[in-house]
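# Structural features, examined
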Amino acid sequence: ANGARVYFVAAPEIPLMDVRIVFSAGSARDGQHVGLANLTNDLLLEGTADLDADAFNRELGRTGARLSNATARDMAYLNLRTLVDPVYATPALALLRASIGQPRFAPAALERVKARTLMALRHKAQSPAAIADDVFYAQLYPAHPYGTPTDGTPTSVPTLTHAEVVAFHARHYVARNAVIAIVGALDRAAAETIAAELAR
């Protein structure tokens, strides 16, 4: 009802469910703030309005679910894999929903994730394949968002601010900008309920 597109495939063979929610929020949306999309997506797993990062991870651990995320040039996504038993699925889905709709964006988490990104960039600078990949895209797409590294640069990442993250999230992490894919041992009615909750 809020504009998200939803794809569902029933797979009753194994009592698991995969839910992926994809936003048109990749690095092509960075504008002048190279690395902002990647930073925003990383911070979604660093706590919610009600839970700091440690509490969030403890609650996720209790469900036995796996929650992952990633950013590419055209998209950013979160992926949840959980048992379909409501004892596990209900709290896991609630954490996914809160991480998308009510991220904490704590200043301490922001600085921690920026530091982690800078460390990853230093390692990347020692990888010939990673260097070649960045040069390839820069040459293929000069003066275009595709030409900048998805994870930012050593000079751009430190300049990214809390306000920029909050604004990017508010602009791009909305239902009309989302595609939800659900695969698992559940019926269409259950899938519709999950999609409606995630796209509130």
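Relevant structure appears above.
Here's what I pulled together on the structure shown here.

Rules and cut-offs
- Residues numbered from 1 in each chain as written.
- Predicted model: local features only at pLDDT ≥ 70, side-chain atom pairs only at ≥ 80, totals over all residues.
- Heavy atoms only, no water.
- Helix = DSSP H or I, 4+ residues; strand = E, 2+ residues; numbered from the N terminus.
- Buried < 20%, exposed > 50% of the residue type's maximum accessible area, 1.4 Å probe, protein only.
- Core = buried A, V, L, I, M, F, W, Y, C linked by side-chain atoms within 4.5 Å.
- Contact = heavy atoms within 4.5 Å.
- Expected span 1.5 Å × (residues − 1).
- Polar contact = N/O pair within 3.5 Å; in protein donor to acceptor, adjacent residues only side chain to side chain.
- Phe/Tyr/Trp six-rings, centres within 6.5 Å; stacked < 30°, edge-to-face > 60°.
- Lys NZ or Arg CZ within 6 Å of the ring centre and 35° of its normal.

What follows is about the environment of Ala-108. Position of Ala-108 relative to the elements: it lies in helix H4 (residues 107-124). As for Ala-108 and Glu-46, which are separated by 62 residues in sequence, their C-alpha atoms are 10.0 Å apart.

By the secondary structure assignment, Met-119 is in helix H4. Using a relative accessible area of 45% as the deciding quantity, one classes Met-119 as partly exposed. Sequence separation between Met-119 and Pro-154 is 35 residues; the distance between their C-alpha atoms is 9.2 Å.

Let's shift gears to the nonpolar core. Proteins that are soluble and globular tend to have nonpolar side chains buried together. Within the largest apolar cluster, 44 residues are counted, with the highest numbers of intra-cluster contacts made by Met-17, Val-19, Leu-43, Leu-96, Ile-180 and Ile-182. Broken down by element, this core gets its largest block of residues, six residues, from helix H3 (residues 86-101). Look past the residues within four positions of Leu-43 in its chain and what remains in contact with it is Phe-105, Ala-109, Leu-110, Val-113 and Val-165.

This paragraph deals with H3. Taking 1.5 Å of rise per residue, the 16 residues of H3 would be expected to cover 22 Å, and the 21 Å separating its terminal C-alpha atoms lies within 8% of that figure. Of the positions making up H3, those classed as buried are Ala-89, Ala-92, Leu-93, Leu-95, Leu-96, Ala-98, Ser-99 and Ile-100. Those residues of H3 that are buried are in contact with strand E2 (16-23), helix H2 (53-63), strand E3 (66-71), strand E4 (76-83), helix H6 (162-172) and helix H7 (188-198). Measuring from the backbone nitrogen of Val-87 back to the side-chain oxygen at the start of H3 gives 2.9 Å, which picks out Asp-85 as the cap.

Right, let's get into the packing of aromatic side chains. Taken as a whole and judged by the stated rule, the model has four aromatic pairs. Summarising the aromatic geometry, the rings of Tyr-137 and Tyr-141 are spaced 6.2 Å apart at their centres and angled 20° between planes, so their arrangement reads as stacked. Given a relative accessible area of 29%, Tyr-141 falls into the partly exposed group. A connected cluster of aromatic rings, assembled from ring pairs, spans Phe-136, Tyr-137, Tyr-141 and Tyr-146. A cation over an aromatic ring shows up here: Arg-20 above the ring of Tyr-77, its NZ or CZ 3.9 Å from the ring centre. For Arg-73, the ring lying beneath its charged end belongs to Tyr-137, and the centroid distance is 3.6 Å.

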